[in-house]
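# Structural overview for review
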Amino acid sequence: MTTKIADALELAYIDTDIYQSKRLWLPIGSRGVFGGQIIAQALSAATNTVDKQYIVNSLQSYFLLPGDNKVPILYRVIRVRDGKSYCTRLVNAIQNGKVILTAACSFQVPEKSELDHQYPMPKVPFPEEIKRFILHFRISDIKLIEFNRIIIISTQETLQEWAENKVIPEKYRELIRIRLEEPIPIEFKKVVYPKPEDYINPVKTEPKQCVWMKSKQTLPDDIRFHHVVAAYCSDHYLLSTALFAHGITSFSNPRLNMIASLDHVIWFHAPFRADEWLLFEMESSRTIGGRGLTFGRFFTRDGKLVMSCAQEGVIRVSPQKSISEKKRELISDPKISKL
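The structure presented is a predicted model; accordingly, all values stated were derived computationally and were not measured. (Residues numbered from 1 in each chain as written. Predicted model: local features only at pLDDT ≥ 70, side-chain atom pairs only at ≥ 80, totals over all residues. Heavy atoms only, no water.)

### What about the side chain of Ser44?
Among the secondary structure elements, Ser44 is positioned in helix H2 (residues 35–47). For Ser44, a relative accessible area of 16% translates into the label buried. Contact partners of Ser44, with chain neighbours within four places excluded, come to Leu11 and Val228. (Helix = DSSP H or I, 4+ residues; strand = E, 2+ residues; numbered from the N terminus. Buried < 20%, exposed > 50% of the residue type's maximum accessible area, 1.4 Å probe, protein only. Contact = heavy atoms within 4.5 Å.)

In structure tokens, the structure reads:
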């Protein structure tokens, strides 16, 4: 089952500068609605209130409360300023009478610049090169212990192999099967992917990763919609990059107990299509105080840096108790000891 990205981002017009969500996605294991969807819908609402000559150049948002996928989100747009070159909008995403996200969006009339520089795109395989390479490998053809950092075809196809691999414990394969049923409208191809065992017994690595992304469906030519789709994409994988430095997953010890976005910032640099492959380069510079800070850059396949983003979020871990510790707790429990 795949949801079209246009359906995931569609808004209903309620009144002047007021819009409402039609569909909301709650990812498996998440506390609330996917943050990228709320950001993208907020940007879409703001875009609806500016003239077509203005193109978004930045978005700064704060997540205040988790979203409930069973209740529509109301987006109220405030027209802060309309200038000759720039205009500004504030958007409050409201649910059950409370603001769950607030975003400031800046729009600019495109102009030529005498100054132009950028970070270079990292040297990684293109999506089709990843496919050609992996055709020589099957997870069933090699020992699992050797399947370390093998380049893969795509997240979905790799998870399908893992779900069918009996070497992986059944309880994890069941989680993978559930994950495969999620209606994600974006196609991903990770440049480097850990073996299944690395989720259960992860090791500390450099907090960096690269993922190719694009819409699964062909999109209309309106560049403003491509910006909205890219905003949706920018919340995938970014914050989890901070976990690499600590070797933390939901199965590790200590285990990941909570991960949730606090803020999300996007800068739009140059035109692009979100239905063509974009390389999302991610890195984390700091974790401290129960928070992780991450940065991301989007490149077209010809190496042009078209979008940058930053995100900070709550990251909390807790130790997993051993069987002996759990037994001791049961023995010391006065309710149990009386039995």
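### Here we look at the layout of surface pockets
Considering only enclosed or pocket space, the second largest pocket measures out at about 780 Å³ in volume. Together, 20 residues line the second largest pocket, and Glu111, Phe268, His269, Ala270 and Pro271 are the ones closest to its centre. Of all the secondary structure elements, the ones that give two or more residues to the lining of the second largest pocket are strand S3 (55–63), helix H7 (223–233) and strand S9 (255–268). The element contributing the most residues to the lining of the second largest pocket is S3, with three residues. Classifying every residue of the lining of the second largest pocket gives ten nonpolar, seven polar and three charged. (1 Å grid on protein atoms, 1.4 Å probe; cavity = no way out; pocket = protein on both sides within 12 Å on 5 of 7 lines; lining within 4 Å. Points joined across faces, edges and corners; volume = space filled by probe spheres on them. Nonpolar A, V, L, I, M, F, W, Y, C, P; charged D, E, K, R; others polar.)

### Remarks on unusual backbone geometry
A cis amide bond, omega 5°, links Asn253 with the succeeding residue Pro254. Along the chain, Pro254 turns up in the loop between H7 and S9. Unusually for a residue other than glycine, Asp17 sits at a positive phi of about 65°. Looking at the element boundaries, Asp17 is found in the loop between strand S1 (11–15) and strand S2 (18–21). What makes Asp17 buried here is its relative accessible area of 14%. The backbone of Tyr237 shows a phi angle near 75°, a positive value even though the residue is not glycine.

### What to know about the sheet that holds strand S10 (residues 278–288)
With respect to topology, twelve strands assemble into an open sheet ordered S1-S2-S4-S5-S6-S3-S9-S12-S11-S10-S8-S7, the strand pairing being antiparallel. Edge positions in the sheet fall to S1 and strand S7 (186–190), since each has one partner strand and no second. For this sheet, the mean inter-axis angle between neighbouring strands, taken without regard to orientation, is 25°. In this sheet, strand S4 (residues 74–82) lies alongside S2 in antiparallel orientation, the contact comprising three bridges. The residue bridging Ile18 from the neighbouring strand is Arg76, located in S4. Here H2 sits on the sheet in contact with S1, S2, S3, S4, strand S5 (86–95), strand S6 (98–108) and S9, set at roughly 55° to S6. Running over the sheet, H7 touches S3, S7, strand S8 (208–215), S9, S10, strand S11 (291–300) and strand S12 (305–318) and is turned about 30° from S3. (Pairing = 2+ DSSP bridges. Axes fitted to C-alpha atoms, helices over the stretch in contact; angles between N-to-C directions.)

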